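Report on the structure
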Amino acid sequence: MDLSETNQTAYRHPWELSRMEILLKELEKLNIRGEVLDIGCGDGYFDKEIIKNFL
């Protein structure tokens, strides 16, 4: 469950930040660029971080 689905400036839970860090490292290792990736639903936090880091 995403802890901030209604507020983009809300605090991110440490497990969510940790998952994001691991995902970004794996994408970097795989050299994935410009592909469409959807890993779930929620407020779009993961999608925004991927775009910010890779596009």
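On a predicted model such as this, the values are computed, not experimentally measured, just so you know.

Here we take up the overall build of the protein. If you tally the helices and strands in the protein, you get two helices and zero strands. Here the protein, with 55 residues, has 25% of them falling under the buried criterion. Long-range pairs, those at least 24 residues apart, make up 56% of the contacts in the protein between residues at least 6 apart in sequence.

With 17 residues, helix 1 (residues 14-30) extends 25 Å between its outermost C-alpha atoms, agreeing within 8% with the 24 Å of an ideal straight helix rising 1.5 Å per residue. Turning to helix 1, the residues buried within the fold contact helix 2 (45-54). Trailing helix 1 by a residue or two, N31 shows a phi angle of about 55°, which is positive.

Inspection of every chain in the model, using the stated rule, returns one aromatic pair. Between the aromatic rings of Y45 and F46, the centroid separation amounts to 5.6 Å while the plane-to-plane angle is 80°, which identifies the pairing as edge-to-face. Overall, the relative accessible area of 10% leaves F46 in the buried class.

Further remarks concern helix 2. Inspection of helix 2 places Y45, F46, E49, I50 and F54 among the buried residues, and these make up the whole buried set. Looking straight down helix 2, one finds that the buried residues subtend no more than 130° of arc, so they occupy a single side. In this structure, the buried residues of helix 2 make contact with helix 1.

Moving on, we come to the pattern of salt bridges. This structure, assessed with the given rule, holds five salt bridges. Among the ionic pairs, E49 bridges to K52, the shortest N-O distance being 3.2 Å. Residue E49 and its partner K52 are both found in helix 2; the two are separated by three residues, about one turn of the helix. Residue E49 is classed as buried on the basis of its relative accessible area, which comes to 16%.

About the thresholds
Once a new chain begins, its residue numbering starts again from 1 and follows that chain's sequence as written. Per-residue local features of the predicted model are confined to residues with pLDDT of at least 70, and side-chain atom pairs are confined, for both listing and counting, to 80 or more; whole-chain, interface and lining totals are unaffected and use all residues. Working from all heavy atoms in the structure, the side-chain values ignore hydrogens and water. Secondary structure follows DSSP: runs of H or I at least 4 residues long count as helices, runs of E at least 2 residues long count as strands, and numbering of each begins at the N terminus. Three labels apply to residues, based on accessible area from a 1.4 Å probe with only protein chains included: buried if under 20% of the type maximum, exposed if over 50%, partly exposed otherwise in between. The contact definition used throughout considers only heavy atoms, calling two residues in contact when any of these lie within 4.5 Å. Here the expected span of a helix is defined as 1.5 Å times the quantity of residues minus one. Here the aromatic set is Phe, Tyr and Trp, taking the six-membered ring for Trp, and pairing holds for ring centres within 6.5 Å; pairs whose planes are under 30 degrees apart are stacked, those over 60 apart are edge-to-face, and all others are tilted. By arc we mean the arc of the directions from the helix axis to the C-beta atoms, nothing more. What counts as a salt bridge is simple: a side-chain nitrogen of Lys or Arg found within 4 Å of a carboxyl oxygen of Asp or Glu.

Purely geometric stuff here, so don't read any function into it on its own.
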